[in-house]
2 protein chains.
Amino acid sequence: MARAGLTAERVTIAAAELADEVGLDQVTMSQVARRLGVKDASLYSHVRSLEELRGRIALLAADEKTIRIAEATAGRAGKDALIAFANAWREYAHRYPGRYTATQSQVRIDPELVARAPGPRRAVELTYGMLRGYGLAEPDLTDAVRLLRSTFHGFVALEAAGGFAHERSPQQSWPRALEALHALLERWPSSGEGDSA
Amino acid sequence: MARAGLTAERVTIAAAELADEVGLDQVTMSQVARRLGVKDASLYSHVRSLEELRGRIALLAADEKTIRIAEATAGRAGKDALIAFANAWREYAHRYPGRYTATQSQVRIDPELVARAPGPRRAVELTYGMLRGYGLAEPDLTDAVRLLRSTFHGFVALEAAGGFAHERSPQQSWPRALEALHALLERWPSSGEGDSA
DNA sequence: CCACGGTACCTAGGGGTTCTAGGCTATAGC
DNA sequence: GCTATAGCCTAGAACCCCTAGGTACCGTGG
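Definitions and cut-offs
Residues numbered from 1 in each chain as written. Chains lettered and ligands numbered in written order. Predicted model: local features only at pLDDT ≥ 70, side-chain atom pairs only at ≥ 80, totals over all residues. Heavy atoms only, no water. Salt bridge = Lys/Arg side-chain N within 4 Å of Asp/Glu carboxyl O. Helix = DSSP H or I, 4+ residues; strand = E, 2+ residues; numbered from the N terminus. Buried < 20%, exposed > 50% of the residue type's maximum accessible area, 1.4 Å probe, protein only. UniProt positions renumbered as here; feature names shortened; annotations may be inferred. Least-squares fit on C-alpha atoms with pLDDT ≥ 70 in both. Contact = heavy atoms within 4.5 Å.

Points about the pattern of salt bridges
All names here are of chain A.
Here comes step 1: Taken as a whole, this structure holds 24 salt bridges over all chains when the rule is applied.
Here comes step 2: The residue Lys79 makes a salt bridge to Glu179 at a minimum N-O spacing of 2.9 Å. Residue Lys79 is located in helix H4 (residues 78-95), and its partner Glu179 is located in helix H9 (residues 170-186); the two are separated by 100 residues in the primary sequence.
Here comes step 3: Judged by its relative accessible area of 11%, Lys79 falls in the buried class.
Here comes step 4: Taking the relative accessible area as the measure of exposure, Glu179 reaches 14% and is therefore buried.

Laid out in structure tokens, this is it:
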């Protein structure tokens, strides 16, 4: 019997493609094996379990998304960088919905696998770098990073879950949200005082 | 054989409790049945499928979350209302992680079921009401509602997924994020101009 | 008080899934 | 060319979803 030349990476990619096509929770060992022309038991030489495979998809997505964002923001600064960053994020989520969903998984991934994946760490660094132009200092910087990441993720997640049922298209609200975040970053409220309206 | 007195609601509640304890994707018909002291096949008289059951959990969570938010914001306005709203949201997600996760499901729920659940619709109304004090007009109002919902959801989702690995606790970043959103709402950038830094 | 209809729960079973144990065979190194 | 390793296999246990059809309990009307 001809060898299929499987490897953990190839299995992960097949699973990721499947996730984008039919949804993450339709990704089963059997389906992935079928797509690779192999029996399901054969996958266990490369991947410990279905859960681990899901984790690998998540890490793959994190890496890919980080690369897109890095390319999009290269050479840009300030508002341009913010918009490029956010659009790259959202476009990734739209184009690879299954992979992106894997990112939201709440089961914790094998730390040794995480350590080998540059994506998650680098994503945070990129966000900090993008904010450099706004002149924020710690701990405001970390808080701002978290606010941005929350908003980006929340927007695309709600969009995917059909949370924006109103007649106004999310496509219209998105640039306005970015505009608002930019304005916010320019006059970030300093830590001490709370200007109650 | 003594009747267990099942009903769609009781099945949903048992499933929701199970989801909070062991995670949403560990919720199976067999486990729910076991918890209710019943055979799995018996559940199908009350719930069409596992998928529908997940949808019912999501609607239950939406209703419950809306009620918490309504109670928390009652009689408050402006910044007080914003903070109460956001904290009620986040606390619900922390206390009922399985139910909250069900909310993020991307499979669409039976529309007839949705129509009977007041939660989702009311949640949006509450958000609009909370923003009344900031004096925004459409379409800015809708955009602001979406930005807020995105940020609230994104923050708790990232928090649950372990996305805030930095040493600074999310607990510290959260009030700062709310402060920032309040400042943003007070000087929401009007639709026309883009003040490029 | 009894018959009866409906409903709640049951058993049985098909087909899918994850994962383990163990076997065979193709490839790589000597 | 021989052997060791690794890749893929078959077999099978345990679980899961869901359907079909049976049985026993309950509330109601006579």
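Remarks on the UniProt feature "domain: HTH tetR-type" (unreviewed entry) in chain A
Here comes step 1: According to UniProt, the feature "domain: HTH tetR-type" (unreviewed entry) maps to residues 5-65 of chain A in the numbering used here.
Here comes step 2: When the span residues 5-65 of chain A is considered, its composition is 64% helix and 0% strand, and the gap between its end C-alpha atoms is 27 Å.

Considerations on the relation of the copies chain A and chain B
Here comes step 1: With an axial shift of 0.0 Å and an RMSD of 0.1 Å, the rotation relating chain A to chain B amounts to 180 degrees. Both chain copies can therefore be described as sitting about a two-fold axis.
Here comes step 2: Interface overlap between copies: 100% of the residues of chain A at the interface are likewise at the interface in chain B, consistent with a symmetric, same-surface contact.

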